Amino acid sequence: MKHLALPVAALMASLPVAALAEYPEQPVEFVVPFPPGDLEDILTRMIADEFQAEYGVAAAVVNKPGGGGGPFPGAAEVAAAPADGYTVGSFVIDIPLVGPDIGIPALSPNPFEPIGIFLTYPFVIAAAGDAPFSTMEELATYANENDVFLGHFGTFAVPTQVTFAMAAEMGFEWGAEAAFDALDCNALASGDVDVMNTTLQQIRPCLDDLTILASVGNERTELTPDVPTVAEITPDLNIALWNGLFVHADTPQDVRDKIAVVAERVMNSDEVQDLREQTGALIYWQDAEEATQQIEQDAETLVRVMEYVPAE
């Protein structure tokens, strides 16, 4: 029997193995943990379309908004999926930097590694056009005598933490706050909130009717060139709000490479450059190594941001 085992083993080794089929051979999901319509959703759909055209398999965006849980429930679903490249997360900065610390087992420790970062949001702090304040300084004075309701995308979201920290730095408190899945023109027009931190994409249709108090980050946006940045008003709170593609840390390198090739091509396309001009967003391709360095740098900044946020 021992002598027979050797030729049988050699024969088996020469046969094709289905488990080693070349990626991709089945549909790929790109999970966006927010409702459809914003820039991360639009750009990820473009990546999915190009991926499908390149590799001949179905590829689609799946939106999994988490309500008051922000992007974290959707990210937890990606973390629970097999590390095979068939479930790809399109994630904001919050996922790798905040996710491990908020008590969701699937996200602690951070299970993800970046394929690349492709977007820096034009995130702003906005109020209605007829608000009794037109600058952050005027808001601070007004809020010390009146309750101001803040709308945000979740208490643990980085833009929210920056907005909380900014209030503390400027000497005022929000009278009330709540999380929303979408913060668009209707949120202010209906009076649901007095101030909100959101992206320019969501309020672009009514931008001329609003008061933009500040933009988050270290660069003024092209659509609001006269509006100061959070970094200009409170320099210690300078942090970028980006979005990128992430996979489970165990995902094979050849799988990551195939996704990255498509994503980089999309970000360099004429269509995306037109979108950049229209929205004022920074759209680019930062590869895995550069993205990892960016995450480490932003993690240090977030520590400073959190120093301004009062303990609950």
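See the structure printed just above.
First, a word on what this report is: a plain description of the structure on this page. (Residues numbered from 1 in each chain as written. Predicted model: local features only at pLDDT ≥ 70, side-chain atom pairs only at ≥ 80, totals over all residues. Heavy atoms only, no water.)

## A short note on the packing of helix α2 (residues 39-55) against helix α11 (residues 270-279)
The condition is simple: Here an axis means a line fitted to C-alpha atoms, over the contact stretch when the element is a helix, while the angle between two N-to-C directions is reported on a 0 to 180 degree scale. A run of DSSP states H or I qualifies as a helix once it reaches four residues; a run of E qualifies as a strand once it reaches two. Both are numbered from the N-terminal end. Roughly parallel means an angle under 35 degrees; roughly antiparallel, over 145; roughly perpendicular, 65 to 115; everything else is oblique. What makes two residues a contact is simply this: any of their non-hydrogen atoms within 4.5 Å. Under this grouping Gly is polar, as are all residues other than the nonpolar Ala, Val, Leu, Ile, Met, Phe, Trp, Tyr, Cys and Pro and the charged Asp, Glu, Lys and Arg.
It is at 12 Å that the axes of α2 and α11 come closest, and there the two elements cross at 170°. The angle between α2 and α11 falls in the class roughly antiparallel. Between α2 and α11, the residues in contact are Leu39, Ile42, Leu43 and Met46 and Glu271, Val272, Leu275 and Thr279, respectively. For the contact of α2 with α11, the per-class residue count stands at six nonpolar, one polar and one charged.

## So, helix α5 (residues 136-143)
The condition is simple: Buried, partly exposed and exposed residues are distinguished by accessible area as a fraction of the type maximum, computed with a 1.4 Å probe on protein chains only: under 20%, between the cut-offs, and over 50%, respectively. What the arc measures is the spread of directions leading from the helix axis to the C-beta atoms.
Considered for burial, the residues of α5 that qualify are Met136, Leu139, Ala140 and Ala143. The buried residues of α5 occupy one face: seen down the axis, they fall within an arc of 100°. Lining the buried residues of α5 we find β5 (123-128), α6 (158-170), β8 (195-199), β9 (210-215) and α9 (230-233).

## Comments concerning the environment of Thr160
Definition in use: We define a polar contact as two N or O atoms separated by no more than 3.5 Å, with the added condition that, inside protein, one atom must be a possible hydrogen donor and the other a possible acceptor, whereas residues neighbouring each other in sequence contribute only through side-chain atom pairs.
Within the secondary structure, Thr160 sits in helix α6. You can call Thr160 buried: its relative accessible area is 1%. Between the alpha carbons of Thr160 and Pro205 there is a distance of 23 Å; along the sequence they are 45 residues apart. The residues touching Thr160, leaving out its near neighbours within four places in the chain, are His152, Phe153, Gly154, Thr155 and Asn197. Here the side chain of Thr160 touches Gly154 through a polar contact of 2.8 Å, landing on its backbone oxygen.

## Considerations on the sheet that holds β5
Put simply, the rule is: A pair of strands is considered paired only if DSSP assigns at least 2 bridges between the two.
Strand order across the open sheet formed by five strands is β7-β6-β8-β5-β9, with mixed pairing between neighbours. Two strands lie at the open edges of the sheet, namely β7 (176-179) and β9, each paired on one side alone. Across the sheet, the axes of successive neighbouring strands diverge by a mean angle of 25°, strand direction being ignored. Sheet strands touched by α6: β5, β6 (149-152), β7, β8 and β9. Its angle to β6, the strand with the most contacts, is close to 155°.

## Some remarks on the packing of α2 against helix α10 (residues 253-267)
Helix-helix packing: each pair is described by the crossing angle between the helix axes and the interaxial distance. Selection criterion: Crossing handedness is read from the near helix: turned anticlockwise from the far helix by less than a right angle, it gives a left-handed crossing, and turned clockwise, a right-handed one.
It is the contact of α2 with α10, at a shortest axis distance of 9 Å, that shows an interaxial angle of 120°. As summarised for this structure, α2 and α10 are arranged oblique, according to the angle between their axes. Classified by chirality, the crossing of α10 by α2 is right-handed. Between α2, through Leu43, Met46, Ile47, Glu50, Phe51, Glu54 and Tyr55, and α10, the contact on the second element is made entirely by Lys258, Ile259, Val262, Ala263, Arg265, Val266 and Met267.

## Here's the deal with the sheet that holds strand β3 (residues 87-92)
One open sheet holds the six strands; their spatial order is β2-β1-β3-β10-β4-β11, and the pairing between them is mixed. Both edges of this open sheet fall to β2 (59-63) and β11 (282-287), since each of them pairs with a single strand only. Between one strand and the next, the sheet's axes are offset by a mean angle of 25°, whatever the strand orientation. As paired elements, strand β1 (residues 28-32) and β2 share five bridges and run parallel to each other. Bridge pairing in β2 links Phe30 to Val61. Along the sheet face, α10 touches β1, β3, β4 (112-120), β10 (242-248) and β11 and points at about 150° away from the line of β11.

## Thoughts on the state of the cysteines
Rules: Only a pair of cysteine sulfur atoms within 2.5 Å qualifies as a disulfide here.
One pass over the full model with this rule turns up one disulfide. Disulfide partner of Cys185: Cys206, at an S-S distance of 2.0 Å. Its torsion about the S-S bond being -100°, the disulfide of Cys185 and Cys206 is classed as left-handed. Taken together, the residues Cys185 in helix α7 (residues 185-189) and Cys206 in the loop between α8 (200-203) and β9 connect sequence positions 21 residues apart. Judged on exposure class, the residue Cys185 and its partner Cys206 are both buried.

## A word on α11
Of all the residues in α11, the buried ones are Val272, Leu275 and Thr279. The arc enclosing the buried residues of α11, seen along the axis, measures out at 55°, which places them on a common side. Of the residues in α11, the exposed ones pointing more than 90 degrees away from the buried face are Asp270 and Glu277. Residues of α11 that are buried make contact with α2, α8, α10 and β11. Directly beyond the C-terminal end of α11, a positive phi value near 80° is found at Gly280.

## A word on the environment of Phe112
Turning to its location among the elements, Phe112 is positioned in strand β4. Taking the C-alpha atoms as reference points, Phe112 and Val195, 83 residues apart in sequence, are found 33 Å from one another. In contact with Phe112, not counting residues within four places along its chain, are Ala75, Val78, Ala79, Phe91, Ile95, Leu107, Phe246, Val247, His248 and Ala249.

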